[in-house]
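Remarks on the overall topology
Chain by chain, the residues run as shown.
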Amino acid sequence: MRLFVAILLSQEMTDALCQTMQTLRQHTVAGRFSRRENLHLTLAFIGETNRVAQAKQALSSVQADPFSMQLDGVGRFRRDSGDIVWAGLRKNKSLEQLAQQVQQQLRQAGFVLQDRSFAAHLTLGREVVLEDGFDLRSFGKTVPAVSMQVNRISLMKSERIQGKLTYTEIGFVGLNNDTDRKS
Ligand code: 2AM
């Protein structure tokens, strides 16, 4: 199965992102926007594997305290087929260290991860073509700077169910070993 490690988002942050996608859609010529339930922040992409127990074991070795993260504008990765449009997060050492640690634990457990540096982003849309002259940067300043507390990381399965990209949490680890906490 196809796995990745993510931070799931609070209702408040998800609401702000849905509002952002709704407005962006009105200025979009083409593109596919994320479904509400698919919004997340990826810490590490594992890819195709059947070593689920080993992935869970690796994540259980992560040691970090809960921290807060905050939305910060929108941006895009330019692609020939249309851009990936994302919401950004305010620069955050705790988040960067957590992603680094998750990746390190997974590598130690024998998972081969892509060798690219972590760029925290919340994907809002793919293959997006914005209206000519739409100022994404200025628009980003109107996105509310919602904060949320991060107190767990989730092991996610990605699959297509009846054509729909579907993400399911198949395990989680509470930060500071607080495994009972629900977000
Ligand atoms: P993206 O949002 O930038 O596409 C599930 O696919 C999650 O893993 C997405 O958040 C996706 O990031 C991320 N991811 C990272 N590398 C990936 C890859 N090579 N293929 C698919 N998804 C990847």
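Residues numbered from 1 in each chain as written. Predicted model: local features only at pLDDT ≥ 70, side-chain atom pairs only at ≥ 80, totals over all residues. Heavy atoms only, no water.

Moving on, we come to the nonpolar core. With 50 residues, the main nonpolar core has Ile7, Met69, Leu71, Leu98, Val102 and Ile153 as its most contacted residues. Excluding its chain neighbours within four sequence positions, the residues that come into contact with Met69 are Ile7, Leu9, Met13, Leu41, Leu89, Asn92, Val146, Ser147, Met148 and Val150. (Core = buried A, V, L, I, M, F, W, Y, C linked by side-chain atoms within 4.5 Å. Buried < 20%, exposed > 50% of the residue type's maximum accessible area, 1.4 Å probe, protein only. Contact = heavy atoms within 4.5 Å.)

This part is about the site of the ligand. Taken together, Arg2, Phe4, His40, Thr42, Phe45, Gln114, Arg116, His121, Thr123, Arg126 and Tyr167 are the residues near the ligand. One of the side-chain nitrogen or oxygen atoms of His40 is found 2.7 Å away from an oxygen atom of the ligand. Between the ligand and Arg116 there is a distance of 3.0 Å, counted from a nitrogen atom to a side-chain nitrogen or oxygen. Listed by contribution, the elements that provide at least two residues to the shell around the ligand are strand 1 (2–8), strand 3 (40–48) and strand 6 (121–130). (Near = heavy atom within 4 Å. Polar contact = N/O pair within 3.5 Å; in protein donor to acceptor, adjacent residues only side chain to side chain. Helix = DSSP H or I, 4+ residues; strand = E, 2+ residues; numbered from the N terminus.)

Quick look at the sheet that holds strand 3 now. Strand order in this open sheet of four strands is 3-1-8-9, and the pairing throughout is antiparallel. Each having just a single partner strand, strand 3 and strand 9 (164–174) make up the two edges of the open sheet. Averaged over all neighbouring strand pairs, the angle between strand axes comes to 30°, with direction disregarded. For strand 1 and strand 8 (residues 152–161), the ladder comprises five bridges, and the chain directions are antiparallel. (Pairing = 2+ DSSP bridges. Axes fitted to C-alpha atoms, helices over the stretch in contact; angles between N-to-C directions.)

Between the first and last C-alpha of helix 3 (residues 93–108) there are 22 Å, a value that for 16 residues agrees with the 22 Å anticipated at 1.5 Å per step. Inspection of helix 3 places Leu95, Leu98, Ala99, Gln101, Val102, Gln103, Gln105 and Leu106 among the buried residues, and these make up the whole buried set. For helix 3, the elements touching its buried residues are strand 1, strand 3, helix 2 (52–60), strand 4 (67–77), strand 5 (83–89) and strand 8. The residue sitting at the N-terminus of helix 3 and contributing the capping side-chain oxygen is Asn92; that oxygen lies 3.1 Å from the backbone nitrogen of Ser94. At the C-terminal side of helix 3, Gly110 shows a positive phi close to 95°. (Expected span 1.5 Å × (residues − 1).)

All quantities given are derived from atomic positions and should not be read as evidence of function.
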